[in-house]
Amino acid sequence: MSGRDMQVLVTRPQPDAQATAARLDAAGHGAIIDPMLAVEAVEARLPAGAFDAVALTSVNGARLLGGRPELPALAGLPLYAVGRRTAAAAPGAFGTVHVAGGDGAALAELLRARLPRGARLLYVAGEERAVDLGAALAGDGISTELFVIYRTVPAQALAPATIEAARDGRIDAAFHFSPRTAATLAARAQEAGVATYFRHVEHLCFSANVAKPLAAAGWPTRVAAAPTEEDLFDLLNG
């Protein structure tokens, strides 16, 4: 898929959706923004005791942690981030920052290699998680404490502009960053009676896992070489 002035549906939560739209505009494309999830902070209490490291698996968790009153208690600890964007969004209070290859499996492998047996890890996350670090690291003698600080709420319906664009055939491609946003789009499109129109859209996905709910809907998918926005743009322009 290549060309200029393509219309791309962006379904990731704000403010990332707007940032992606700006990047599309700079590249000569148009963006239709329709977030399929909204991020909400939740009440949480930091587990008691000392920790040896902190793990983050999402940009949302990284951003929200920066405003938490518990942050000073974690200052100076090593931070393990799932990827570059999460590391960049994290508050600067941490010590050494270790960056994994972009998915939960890579993060678990990095933690396994870096932390000794008996280490205690704080996993800062949302209510729904793509990876269970506790289960992944239990066999390595690493104790994982979960600190849930946000939830993601699915959109109740597609925006009227999205429905109209789909019916008019004005959506050339869609960017998909998470399994949940992809699944929500597929469900809302079905409910709106426009699912068939999305069969004519190129669905460009962060990973094979992200592509699954779209493929199940019968929509054509392509998976980025690596789970980064740069690789999604490579698919769009390649």
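Residue indices begin from 1 for each chain and proceed along its sequence in written order. Selection of residues for local features in this predicted model requires a pLDDT of at least 70, selection of side-chain atom pairs for listing and counting requires 80 or more, and totals for whole chains, interfaces and linings are taken over all residues. Excluded from the side-chain calculations are hydrogens and water; all other atoms, namely the structure's heavy atoms, are used.

Caption draft 1: Representation of the environment of glycine 101 within the structure. Looking at the element boundaries, glycine 101 is found in the loop between β6 (97-99) and α5 (104-114). Residues glycine 101 and glycine 83, spaced 18 residues apart in sequence, show a C-alpha to C-alpha distance of 5.7 Å. Here, two residues are considered to be in contact whenever any of their heavy atoms come within 4.5 Å of each other. Residues contacting glycine 101, with those up to four places away along its chain left out, are Val82, Ala106 and Pro227. Secondary structure elements follow DSSP: runs of H or I no shorter than four residues count as helices, runs of E no shorter than two count as strands, and numbering proceeds from the N terminus.

Caption draft 2: Broad picture of the packing of helix α1 (residues 16-26) against helix α10 (residues 229-237). Packing of α1 against α10 leaves a shortest axis separation of 12 Å and a crossing angle of 40°. Considered as vectors, α1 and α10 are oriented oblique to each other. Of the two elements, α1 crosses α10, and the hand of that crossing is right-handed. On α10, the residues that touch Thr20, Arg23 and Leu24 of α1 are Glu229, Glu230, Phe233 and Leu236. Angles run from 0 to 180 degrees between N-to-C directions of axes, and those axes are lines fitted to C-alpha atoms, restricted for helices to the stretch in contact. Angular relationships are summarised with four words: roughly parallel below 35 degrees, roughly antiparallel beyond 145, roughly perpendicular across 65 to 115, and oblique for the angles in between. Should the near helix be turned anticlockwise from the far one by less than a right angle, the crossing is termed left-handed; should it be turned clockwise, right-handed.

Caption draft 3: The sheet that holds strand β5 (residues 79-81), seen in detail. Only strands that DSSP links by at least two bridges are regarded as paired with each other. Taken in spatial order, the 6 strands of this open sheet run β3-β8-β7-β4-β5-β6, and their pairing is mixed. Every other strand in the sheet has two partners, leaving β3 (37-41) and β6 as the edge strands with one partner each. Neighbouring strand axes in the sheet, compared pairwise and without regard to direction, differ in orientation by 25° on average. The sheet contact formed by strand β4 (residues 53-56) and strand β7 (residues 120-126) spans 4 bridges and is parallel. Residue pairing for β7: alanine 53 is matched across the bridge by leucine 121. Relative to β5, α5 is tilted by about 150°, and along the sheet it contacts β4, β5, β6 and β7. Strands in contact with helix α8 (residues 179-192) are β3 and β8 (143-154); relative to β8, the strand with the most contacts, it is inclined by about 30°.

Caption draft 4: Layout of the nonpolar core. In terms of nonpolar packing, the biggest core is built from 38 residues, with Leu158, Ile171, Phe175, Phe198, Trp219, Leu232 and Leu236 touching the most fellow members. For this core, the secondary-structure elements that each account for two or more residues are β1 (7-10), α1, α7 (160-167), β9 (173-176), α8, β10 (202-205), α9 (208-216) and α10. Discounting chain neighbours no more than four positions away, the residues touching isoleucine 171 are Gln7, Leu9, Ile32, Thr162, Ala165, Ala166, Phe198, His200 and Val201. Ranked by size, the runner-up nonpolar core spans 18 residues in total, among them Ala100, Leu115, Leu121 and Leu137. To form a nonpolar core, buried Ala, Val, Leu, Ile, Met, Phe, Trp, Tyr and Cys residues must be joined to one another through side-chain atoms within 4.5 Å. Working definition: with a 1.4 Å probe on protein chains only, accessible area under 20% of the residue-type maximum means buried, over 50% means exposed, and in between means partly exposed.

Caption draft 5: Looking closely at the packing of α8 against α9. It is at 8 Å that the axes of α8 and α9 come closest, and there the two elements cross at 10°. On the basis of their axis angle, the class for α8 and α9 is roughly parallel. Contacts between α8 and α9 involve Pro179, Ala182, Ala183 and Ala186 on the former and, on the latter, Asn209, Val210, Pro213 and Leu214. For this classification, Asp, Glu, Lys and Arg are treated as charged, while Ala, Val, Leu, Ile, Met, Phe, Trp, Tyr, Cys and Pro are nonpolar and the rest, including Gly, are polar. Class assignment for the residues of the contact of α8 with α9 results in 7 nonpolar, 1 polar and no charged.

Caption draft 6: Structural detail: the layout of surface pockets. Considered as a void within the structure, the largest pocket measures approximately 1200 Å³ in volume. Among the residues forming the lining of the largest pocket, the class breakdown is 15 nonpolar, 15 polar and 12 charged. Lining residues are defined by having an atom within 4 Å of a point belonging to a cavity or pocket. Those points lie on a 1 Å grid over the protein atoms alone, cavities being sets where a 1.4 Å probe fits but cannot get out and pockets being open sets with protein on both sides within 12 Å along at least five of seven lines. Grid points are joined across faces, edges and corners, and a volume is the space filled by probe spheres set on the points.

Caption draft 7: View of unusual backbone geometry. The amide bond that connects glutamine 14 to the next residue, proline 15, takes the cis arrangement and shows omega of 5°. Along the chain, proline 15 turns up in the loop between β1 and α1.

Caption draft 8: Quick look at the pattern of salt bridges. In what follows, salt bridge is the name for a side-chain nitrogen of Lys or Arg lying within 4 Å of a carboxyl oxygen of Asp or Glu. For the structure shown, the criterion picks out 14 salt bridges. A salt bridge links glutamate 109 to arginine 112, with the nearest nitrogen and oxygen atoms 2.8 Å apart. Of the two residues, glutamate 109 and arginine 112 are both situated in helix α5; the distance of 3 residues between them amounts to about one turn of the helix. Two residues, arginine 151 and glutamate 127, come together in a salt bridge whose shortest N-O distance is 3.4 Å. In this pair, arginine 151 sits in strand β8 while glutamate 127 sits in the loop between β7 and α6 (133-138), placing the two residues 24 residues apart along the sequence. Of the residues examined, arginine 151 reaches a relative accessible area of 30% and is grouped as partly exposed.

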